[in-house]
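Structure at a glance
If you want the building blocks of each chain, they are given just below.
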Amino acid sequence: MKTKDKIINRVTLRFPSLSENERFARLAVSGFVSSLDPALDELSEIKTAVSEAVTNCIVHAYRDTVGEIRMELRLLEGCRLYISISDKGCGISDIDKAREPLFTTAPDEERAGLGFAIMESFTDKLRVRSRPGHGTAVTMLRALRTRKPADETRS
Amino acid sequence: MFYDGETRTVLAELSGDIDHCSAKGLRTPIDEEIMRRLPLRLILDFGNVSFMDSSGIGLIIGRCKLMTDLGGSVIAVNPQPEVKKLMELAGVQRLCSIVFKQRRSLIGGLTI
C-alpha cells in the first residue's frame, strides 16, 4: 500500500486487547472520519471492518493473554481513509488459509470465520502481513464518497 | 424474552451493539430459554440493534444449529439496512428467514 500519498490528518492509538476496546476502536474511527460527514452505510462498513480487525487481535493474536493493539488512522488526499491495525501476538502461519471465508481456529467460541472476508468486502484494499511469533499487521484503504472535500477539514 | 405456548415460539429482542464483547452475554439467556421451552420457532428481533459484526453472525448461526437439532427454526426480524447487508453477505438467509414484520403478526396471539 502506498504511503507517499499526502496525509491530511493522522492519529495513532495504543490500547490493551480487552474486549470492551472493540467498541472504543469503532467510536475512535467514527470520530476520526466524522469531519468528512460520511454516509451512514459507509460509516457502518468502516466500523465493521475495524471491529473485525480489532476482534482478531483480541480473540486470536493475544488469545488468553492481554497485549497491545496499535491502530493508526490516516486521512489521505482524495478522501481516502487508511487504517492500520497491528499487534505483537502469535502471528498467522498461513495467511491465505486465514483469509478463506468460514475458516476459523476458534469454532467453539462461535467465531463465524468471516472476519477477513468482511474486511475485504467493506474496504477497497486489504493487506495482511504476519510473522508467526511476532505479530500481525492489517492495513485497509477505503475511499469515501464524501459530501465535503477533505481539504476543507483542515481549517 | 417472550414465549408463546400456542405457537411454541420464543422471541428474543436484541439491542445495542452486537460484537465479540457483547455476544456471549446475549447468547446465554437465549439458550437457557430455548432449553427450558424447547420451542419450534426462535424469533430474533434485530429492530434495536445499532451495530453488528461477524460476532452477530456467529450468534445467529449458533442458534440456527441449536434450533435445527431440536427440530425447529429461526427467523431474524427487523434488521436495519446495514445489519441486513452483513447478514446477506454472510449467507445467513440460507439458514434462516430474514423478514421485516411486526412481531404481533409473526407470533399470532401473543400480546406483548
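Rules used throughout
- Residues numbered from 1 in each chain as written.
- Chains lettered and ligands numbered in written order.
- Predicted model: local features only at pLDDT ≥ 70, side-chain atom pairs only at ≥ 80, totals over all residues.
- Heavy atoms only, no water.
- Helix = DSSP H or I, 4+ residues; strand = E, 2+ residues; numbered from the N terminus.
- Expected span 1.5 Å × (residues − 1).
- Buried < 20%, exposed > 50% of the residue type's maximum accessible area, 1.4 Å probe, protein only.
- Polar contact = N/O pair within 3.5 Å; in protein donor to acceptor, adjacent residues only side chain to side chain.
- Contact = heavy atoms within 4.5 Å.
- Buried area = accessible area lost by both parts, 1.4 Å probe.
- Salt bridge = Lys/Arg side-chain N within 4 Å of Asp/Glu carboxyl O.
- pLDDT = per-residue confidence, 0-100.
- Pairing = 2+ DSSP bridges.
- Axes fitted to C-alpha atoms, helices over the stretch in contact; angles between N-to-C directions.
- Parallel < 35°, antiparallel > 145°, perpendicular 65-115°, else oblique.
- Left-handed = near helix turned anticlockwise from the far one by under 90°.
- Nonpolar A, V, L, I, M, F, W, Y, C, P; charged D, E, K, R; others polar.

All names here are of chain B. End to end, helix α2 (residues 54–69) covers 23 Å across 16 residues, agreeing with the expected 22 Å (1.5 Å per residue, within 8%). Regarding α2, the residues found buried are Ser54, Ser55, Gly56, Ile57, Gly58, Leu59, Ile60, Gly62, Arg63, Cys64 and Met67. At the N-terminal boundary of α2, the capping side chain belongs to Asp53, with an oxygen 2.9 Å from the backbone nitrogen of Ser55. Of the residues flanking the end of α2, it is Gly71, one or two places downstream, whose phi is positive at about 80 degrees.

This paragraph deals with the interface of chain A and chain B. Tallying the contact residues gives 25 residues for chain A and 21 residues for chain B. Here chain A meets chain B over a buried area of about 1800 Å², counting both sides, of which 54% is carbon and sulfur. If you sort the residues of chain A by the area they bury against chain B, Arg26, Glu110 and Arg111 of chain A come out on top, with a joint share of 27%. Our enumeration of links across chain A and chain B arrives at six salt bridges. Arg26 of chain A is the salt-bridge partner of Asp17 of chain B, the closest N and O atoms lying 2.9 Å from each other. Those elements that provide at least two residues to the side of chain A that touches chain B are α1 (21–33), α2 (40–61) and α4 (115–122) of chain A. In terms of residues, the side of chain A that touches chain B owes the most to one element, α2 of chain A, which gives 11 residues.

Residues of chain B with pLDDT of at least 70 account for 89%, and the chain-wide mean is 90. Complex prediction metrics read pTM 0.91 and ipTM 0.89.

All names here are of chain B. Ordered by their spatial adjacency, five strands build an open sheet running β1-β2-β3-β4-β5, and the pairing between neighbours is mixed. With partners counted over all chains shown, the strands left at the sheet margins are β1 (2–4) and β5 (97–99), one partner each. Each strand axis lies, on average, 25 degrees off the axis of its neighbour in the sheet, ignoring direction. Relative to β5, strand β4 (residues 73–77) runs parallel, the two sharing three bridges. Bridge assignment links Ile75 to a residue of β5, and that residue is Ser97.

It is at 10 Å that the axes of α2 of chain A and helix α3 (residues 81–90) of chain B come closest, and there the two elements cross at 50 degrees. If you check the angle between α2 of chain A and α3 of chain B, you find them oblique. Handedness of the α2 of chain A/α3 of chain B crossing: right-handed. Each of Leu40, Asp41, Ser44, Glu45 and Thr48 of chain A in α2 of chain A lies in contact with α3 of chain B, whose residues at this interface are Glu82, Lys85 and Leu86 of chain B. The residue makeup of the contact of α2 of chain A with α3 of chain B, split by class, is two nonpolar, two polar and four charged.

Note that an α-helix has 3.6 residues per turn; residues three or four places apart therefore point the same way. The terminal C-alpha atoms of α1 of chain A, which comprises 13 residues, lie 18 Å apart, in line with the 18 Å expected from a rise of 1.5 Å per residue. All of the buried residues along α1 of chain A are Asn21, Glu22, Ala25, Arg26, Ala28, Val29, Ser30, Phe32 and Val33 of chain A.

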